[in-house]
Structure formats: structure tokens, C-alpha cells
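# Structure at a glance
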Amino acid sequence: MLKILLLSLFFLWQSSAPSQAQEGMKLRLISSNNNYSTASATIHSNLSLGLQSVQTIPNGQFQILLAATSSAGLGNDGQPDYSAYDIADLVVSCPNNVDGFTFAAPQISTADVSNLQIGNETFHLISCAYTGDGQTNNANFGYSNSNYFQLNNLINPLNNTSQDASQIIFTPVWIRQLDANGEIIYNQVDAVGMSRTVQMSAKVSPHISFTIEGVPESTSACNMALSDTTDATGVNFGFVDEKSFSNAAQKLTVVSNNVDFVVTAIENDQMGLENGQGKAAICPADALAYDNCLPNATVLNMTATQEQPWLNPEDGKGLAFTMENLTGNDNAFSYEQGFRHFADAENQENPVVIMSNLAQTTSVDFICYRLIAKKTNLNGFYHNYITYTLTATF
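In this report, we go over the structure that sits alongside the text. On a predicted model such as this, the values are computed, not experimentally measured, just so you know.

## Quick look at the nonpolar core
Judged by nonpolar contacts, the single largest core of 25 residues is most densely connected at Phe103, Phe149 and Leu151. Counting residues per element, the ones that place at least two in this core are β3 (42-53), β4 (61-67), β9 (121-131), β11 (149-155) and β12 (169-178). Contacts of Leu151, omitting those with residues within four sequence positions, involve Ser45, Asn46, Leu47, Ile64, Leu66, Leu90, Val91, Val92 and Ile126.

What follows is the structure, encoded as C-alpha cells:
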């Protein structure tokens with residue numbers, strides 16, 4: 001995508017019209033700066049004119065004359081003109097807080113006023129009249145402060161022969177200072193050189209990654225001591241019994257360049273006893289009644305979407321999980337609130353969101369597992385599978 005913008009530069013020379021200027025009276029163009037915006041098919045610019053006066057002229061006015069079209073009514077119709085400004089959207093502000101100058105509200109006349117014809121040229125007239133002694137000693141209008149003559153939302157000229165944005169055109173700007181009788185004391189002509197620039201733009205593709213890391217048993221996670229070490233692909237509790245908790249953890253990390261996401265979790269079934277051929281027993285919803293199943297924790301009111309405290313082995317048997325946020329504040333709940341079951345695919349439950357975030361670059365959480373056997377569980381190897389799924393929500 002390319003946006004064409006307008007750059008205005010001021011080139012300064014002294015007027016050679018001696019009949020309109022008294023010797024020794026000078027008004028200097030010190031600086032200009034610009035802001036840019038685009039609107040429809042027109043290109044607007046903001047001009048800041050910084051002036052320095054070294055002549056005492058009380059109760060006078062400054063006038064800025066901008067090149068205008070000679071065609072009646074076209075100089076303020078909101079459409080760009082050839083080699084001339086359109087002022088339909090123009091907003092003007094005069095300086096303030098300058099010793100010896102108290103400015104009235106700016107006055108803007110259109111090119112349809114006959115007295116704005118100077119020779120063969122037609123102009124828009126912007127007037128900033130002032131009262132006060134018009135003191136000398138380098139009266140400062142934007143020289144070292146922000147008291148500019150500010151012209152905003154000018155609609156810039158088109159080239160006379162082409163609308164090619166690469167063309168450079170020059171349009172005159174006259175700056176005059178008048179005394180209390182309306183006599184022109186100083187008259188200067190400048191040219192605004194219009195050069196075109198292009199804005200470079202690019203898009204960066206969204207990216208996101210999801211990793212699972214093991215956590216050693218020496219780590220403190222979810223405010224509990226871990227009894228077992230894990231790796232990225234599995235959680236091996238080893239031998240468990242009905243008297244004490246076995247605790248383990250893994251670390252879940254999502255990294256993106258400000259991509260919204262969710263992570264869901266679901267188990268294929270509750271933990272079932274292997275049959276000797278690598279296949280676990282199928283556990284019904286009420287797995288507590290089956291001695292070949294390690295059920296989802298039998299804590300009162302605990303579900304896959306509702307956490308409950310689980311501090312004592314006597315409060316329930318089976319498997320549950322909790323979380324601790326490390327970076328990103330994205331976990332669905334935390335260990336301070338309790339534990340939850342994993343959603344059970346075998347019993348027609350849907351995956352449940354455990355992490356989510358909006359425009360987070362890095363999200364890191366401990367997911368902590370707690371397991372305790374029933375007294376009647378058969379000896380042997382029990383297992384199930386937990387599936388974590390990352391989904392970007394563009």
C-alpha cells in the first residue's frame with residue numbers, strides 16, 4: 001500500500017517592489033513546518049509560518065496571500081485547483097502572547113473579491129490584525145516558540161499540465177505587514193515548492209507457538225511440593241497409594257506477536273488399568289465404582305468447569321489439576337481457587353479453555369497435577385491421555 005503525501009518547503013527571496021516597502025523595514029520568514037493527511041482524492045497540508053519583525057509598526061496587520069484560481073467560485077469548493085490553493089477546509093490561527101501585539105480573530109477572504117487581483121495574479125487573503133505598539137527587538141512569531149501563523153487543511157495545488165504525483169510545482173505566497181492606515185510597509189514574496197513523497201508500508205504475518213516443558217520435582221509449583229519429575233511428553237507418577245497425594249507439574253508456554261489465542265484441554269478417558277496389551281480399561285462416568293479405574297477426583301462439586309479446594313486426601317480420590325500463572329495473566333483459574341477435573345471425551349464432554357489471552361506476546365503457566373488412589377484399586381499400570389490444543393483467534 002502506498003499513500004502519496006505532500007511536502008511543502010519554503011524558498012525565500014526579498015521583494016524587489018520598492019514602492020511597497022520602506023528602506024530598512026524588514027520582515028523575515030524564519031521557519032516552516034508541516035503535518036500531512038489525506039482526504040478523499042485531495043491532499044491537505046498544514047503550514048506553520050514563523051516570522052520575525054524588526055520594525056515598530058503599531059496597530060497594524062499581517063497579511064498572507066496564497067495563490068488562488070481566477071475562476072469564480074472554484075477557489076473554495078473543496079476540490080484541488082491547478083497551481084493554486086483551495087481554502088474550503090482552511091482553518092487559520094494568529095499568534096498570541098507576543099509583547100506589543102494583541103491579535104484579533106483571523107479574517108479569510110476568497111479569490112472572488114476583486115481587490116485580491118495583483119497584476120495578473122489572483123490570491124486568497126488571510127489577515128491577522130493586531131493592536132498594540134508593535135514593538136521591535138525581534139518580535140517573535142514562531143522563531144523560538146510555537147506562536148506561528150498557522151494555516152491548517154489547505155488543499156494543495158495540482159500541476160498545470162499533469163496530475164502526476166511525482167511532479168514538482170511552485171506556488172507563490174506573499175507576506176505583507178500593513179500599518180494602521182492600511183499602507184503596505186513590508187511586502188515579501190515566497191515560493192512554496194511542492195514535492196511528493198511516498199509512505200512505505202508493510203504487513204508482518206501473525207505467528208504463534210505452543211510448547212510443553214517438563215518440571216523437576218525440586219520445583220515449587222502451584223504452592224505445593226512436587227513428588228515426581230515430568231518431561232515434555234509425559235507425566236509419570238510412579239507408585240501411588242490411597243494415603244498421600246502425588247504431585248507433578250508441566251510448564252505451558254505460548255509465544256506470539258500479539259495474536260489472540262485460547263488453549264483447551266481434554267482427556268481421552270479417566271485413567272484406566274492396562275490389560276497387558278497396552279490398552280487401558282474404559283471408565284464410565286461413575287468411575288469411582290470401578291476398581292480398574294483411577295477416577296477424576298471425587299471431591300464434592302468439582303467438575304471440569306468448577307474448581308474446588310482439595311487439601312486433604314480424605315476429601316476425595318482420583319486425578320485433578322490446577323494452575324499457576326507465571327507470565328501473561330491468562331489462566332482460567334489458579335491454585336488459590338482450587339482444582340478441576342479434566343473434561344472427559346469418553347463421557348461426551350467438550351474441551352475446556354484453560355488459557356486465553358488478547359494480544360499477549362508471551363504467556364507462561366504451570367499446570368499442576370494431583371493424584372491419589374482408592375484403597376480398592378487393583379494393582380497395575382494405569383494411564384490416559386491429555387490433549388492440549390492451541391487455537392489462534394484472529
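## Concerning the packing of aromatic side chains
In this structure the tally under the stated criterion is 14 aromatic pairs. Residues Phe245 and Trp310 carry aromatic rings whose centres are separated by 5.0 Å and whose planes lie at 75° to one another, so their mutual orientation is edge-to-face. Taken as a pair, Phe245 in the loop between β16 (224-225) and β17 (246-256) and Trp310 in the loop between β20 (293-294) and β21 (318-327) lie far apart in primary sequence, 65 residues in all. Each member of the pair, Phe245 together with Trp310, is buried. Measuring from ring centre to ring centre gives 5.9 Å for Trp310 and Phe339, while their planes differ by 85°; the resulting arrangement is edge-to-face. Of this pair, Trp310 sits in the loop between β20 and β21 while Phe339 sits in the loop between β21 and β22 (352-357), and the two are 29 residues apart along the sequence. In textbook terms, an aromatic cluster arises when at least three aromatic residues are bridged by ring pairs, as seen for Phe62, Phe101, Phe103, Tyr130 and Phe149. The ring of Phe245 carries the charged tip of Arg370 above its face, separated from the ring centre by 4.0 Å.

## Let's talk about the side chain of Gln61
By secondary structure assignment, the location of Gln61 is in strand β4. Among the polar contacts made by the side chain of Gln61, one reaches the side chain of Ser127 at a distance of 2.5 Å. In this view, Gln61 contacts Ser127, Cys128, Ala129, Tyr130, Arg176, Gln177 and Leu178; residues no more than four positions away in its chain are not counted.

## Brief notes about the state of the cysteines
Counting across every chain of the model gives 3 disulfides. Residue Cys94 pairs covalently with Cys128 via a disulfide, S to S 2.0 Å. As the torsion about the S-S bond is roughly -85°, the Cys94-Cys128 disulfide counts as left-handed. Taken as a pair, Cys94 in the loop between β5 (91-93) and β6 (102-103) and Cys128 in strand β9 lie far apart in primary sequence, 34 residues in all. Each member of the pair, Cys94 as well as Cys128, carries the same accessibility label: buried. Across the disulfide, Cys222 is cross-linked to Cys368 (sulfur-sulfur distance 2.0 Å). Taking the sign of the S-S torsion, about 80° here, the bridge from Cys222 to Cys368 comes out right-handed.

Rules of the game
- Residues numbered from 1 in each chain as written.
- Predicted model: local features only at pLDDT ≥ 70, side-chain atom pairs only at ≥ 80, totals over all residues.
- Heavy atoms only, no water.
- Core = buried A, V, L, I, M, F, W, Y, C linked by side-chain atoms within 4.5 Å.
- Buried < 20%, exposed > 50% of the residue type's maximum accessible area, 1.4 Å probe, protein only.
- Helix = DSSP H or I, 4+ residues; strand = E, 2+ residues; numbered from the N terminus.
- Contact = heavy atoms within 4.5 Å.
- Phe/Tyr/Trp six-rings, centres within 6.5 Å; stacked < 30°, edge-to-face > 60°.
- Lys NZ or Arg CZ within 6 Å of the ring centre and 35° of its normal.
- Polar contact = N/O pair within 3.5 Å; in protein donor to acceptor, adjacent residues only side chain to side chain.
- Disulfide = S-S within 2.5 Å.

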